[in-house]
Amino acid sequence: MPQSRVQVGVVGAGHFGRYHALKVAASARADLTGVFDPDLERAKTVGWEAGGPEMGLESLLALSDAVIIAAPADAHYALAATALRAGKHVLVEKPIAATLAEAEELGELAGARQLVLQVGHLERFSAAYQAMAGKIGVPLYIEATRIAPFKPRGTDVSVILDLMIHDLDLVLALVNSEIESVDAIGGAVASPHEDIANARLRFRNGAVATITASRISPRTERRMRIFAQNRYLAADFAARKLTVISRTSTDAQAAESTSVAGVAGFGIEEVAWEDHDSLAAEHAAFVASILDGAPVLVDAAVGRRALAAALAVAEAMQASRDRMIASGIIARGAGDDS
């Protein structure tokens, strides 16, 4: 008889680990086996709230068919590799790993053992992405902004791996071309790592994307603008609204279309979406891949591609900083090479 439910353990009882545990506990097709975290009291608290006991990693793996890894980023590779070698399916939070070699090894481990390895690029499951993806065509230029007030959570990595990687993944999915060059600038303000970053990516097919991420802003803002041939899209993620301005295809349509800036022949479409539980959708996709054999939407290759883009941005940012130090615009800091 085919397996009808999956036993899922959660590794990591921090901010996201708690959410993951609660979603597993509420799942129609999964059961929470337990929660592991080096902080035993935190694991007990989250386990009590979600209805799963705190336990050691070895016990959690023994009782689970799959694990969700929501630990600090520098532990993703080791924990995911341990779970895969134990024969467990894995959903690992982004970034997939710290290096491209580690990301590739995780993909190879999952493939060799025929296990599901899904990476937690949550935006792929958002209503916003679903609304945008079917209306774009081939993007020529993308401008993405993701800024938020400072919070200590997530500062174990730079804003590139914390926030920007979400938009890097979306841009890569929408453009579907290799990156040709990257120029970037940024700096650390409130943490040891970069807290604000701006990157300009040029793709082999000629498309260009500009991405800004900040975790030291006075307000929260998430927007994306996309220019395509005969079409312009503006997405306001906070307001849950997508505006599409496009050229109409026939004279009859042009006569009936809304005038844009006094120019006939262009139509305006407003698309709104309801509040959507992206995390529940991500979990449902993970379980469907395990139980039903559904394709893994965000697999190791996708995770590696997003990581490669993030590392390229970090490298370009360091190159910009080195030029500024050499020209005397900024002083050398403690973290800069001598």
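All values reported here derive from a predicted model rather than from experimental measurement.

Draft legend 1. Examining the side chain of Thr-210 more closely. Among the secondary structure elements, Thr-210 is positioned in strand E9 (residues 208-214). In this structure the side chain of Thr-210 is engaged in a polar contact, spanning 3.3 Å, whose partner is the side chain of Tyr-141.

Draft legend 2. Focus on the sheet that holds strand E2 (residues 30-36). As summarised here, the arrangement of the five strands in space is E2-E1-E3-E4-E5, forming an open sheet in which the pairing is parallel. Either end of the sheet is taken by a strand with one partner, and the two such strands are E2 and strand E5 (117-120). Mean inter-strand twist for the sheet, computed between neighbouring axes without regard to direction, equals 20°. In this structure, strand E3 (residues 66-69) lies alongside strand E4 (residues 89-93), joined through four bridges in parallel fashion. Across the sheet, Ile-68 pairs through a bridge with Leu-91, a residue of E4.

Draft legend 3. Quick look at the sheet that holds strand E12 (residues 241-247). Here we have eight strands laid out as an open sheet, ordered E7-E8-E9-E6-E10-E11-E12-E13, and mixed in their pairing. Two strands lie at the open edges of the sheet, namely strand E7 (179-187) and strand E13 (266-272), each paired on one side alone. Averaged over neighbouring strand pairs, the angle between their axes works out to 10° when direction is ignored. The sheet strands contacting helix H10 (residues 300-327) are E7 and strand E8 (196-203), and the helix crosses E7 at an angle near 60°.

Draft legend 4. How the structure looks around empty space enclosed by the protein. Inspection of every chain in the model, using the stated rule, returns one cavity of 30 Å³ or more. Its volume calculated, the largest cavity comes out at about 40 Å³. Forming the walls of the largest cavity are Val-8, Val-24, Ser-27, Ala-30, Ile-68, His-283, Phe-286 and Val-287. Broken down by element, the lining of the largest cavity gets its largest block of residues, three residues, from helix H9 (residues 278-291). Residues belonging to the lining of the largest cavity are distributed by class as follows: six nonpolar, two polar and no charged.

Draft legend 5. Molecular detail of the environment of His-193. With respect to the helices, strands and loops of the structure, His-193 is situated in the loop between E7 and E8. Non-local contacts of His-193, meaning those with residues more than four positions away in its chain, are made with Thr-155, Asp-156, Val-157, Ser-158, Ala-188 and Arg-215.

Draft legend 6. A look at the packing of aromatic side chains. Applying the stated criterion across every chain, the model contains two aromatic pairs. Between Tyr-141 and Phe-227, the aromatic rings sit 5.3 Å apart at their centres with planes inclined by 40°, giving tilted as the arrangement. Taken as a pair, Tyr-141 in strand E6 (residues 139-147) and Phe-227 in strand E10 (residues 221-228) lie far apart in primary sequence, 86 residues in all. Ring geometry for Phe-227 against Tyr-232: centres 5.4 Å apart, planes inclined by 45°, an arrangement best described as tilted. Residue classification places Phe-227 among the partly exposed positions, given a relative accessible area of 30%. Through a chain of ring-to-ring contacts, the aromatic side chains of Tyr-141, Phe-227 and Tyr-232 assemble into a single cluster.

Draft legend 7. Expanded view of the confidence of the model for the chain. With 92% of its residues at a pLDDT of 70 or more, the chain has an overall mean of 90. This stretch, residues 251-262, has a pLDDT under 50; its non-local contacts, to residues over four places away or in other chains, come to 15 contacts.

Draft legend 8. Region of the structure containing the packing of helix H1 (residues 15-26) against H9. The geometry of H1 relative to H9 is characterised by a closest axis approach of 10 Å and an angle of 60° between their N-to-C directions. Crossing geometry of H1 relative to H9 is assigned as right-handed. Packed against H1, whose contacting residues are Tyr-19, His-20, Lys-23 and Val-24, the element H9 presents Leu-279, Ala-280, Glu-282 and His-283 at the interface. Looking at the contact of H1 with H9 residue by residue, the class counts come to four nonpolar, two polar and two charged.

What counts, and where the lines are drawn
- Residues numbered from 1 in each chain as written.
- Predicted model: local features only at pLDDT ≥ 70, side-chain atom pairs only at ≥ 80, totals over all residues.
- Heavy atoms only, no water.
- Helix = DSSP H or I, 4+ residues; strand = E, 2+ residues; numbered from the N terminus.
- Polar contact = N/O pair within 3.5 Å; in protein donor to acceptor, adjacent residues only side chain to side chain.
- Pairing = 2+ DSSP bridges.
- Axes fitted to C-alpha atoms, helices over the stretch in contact; angles between N-to-C directions.
- Contact = heavy atoms within 4.5 Å.
- 1 Å grid on protein atoms, 1.4 Å probe; cavity = no way out; pocket = protein on both sides within 12 Å on 5 of 7 lines; lining within 4 Å.
- Points joined across faces, edges and corners; volume = space filled by probe spheres on them.
- Nonpolar A, V, L, I, M, F, W, Y, C, P; charged D, E, K, R; others polar.
- Phe/Tyr/Trp six-rings, centres within 6.5 Å; stacked < 30°, edge-to-face > 60°.
- Buried < 20%, exposed > 50% of the residue type's maximum accessible area, 1.4 Å probe, protein only.
- pLDDT = per-residue confidence, 0-100.
- Left-handed = near helix turned anticlockwise from the far one by under 90°.

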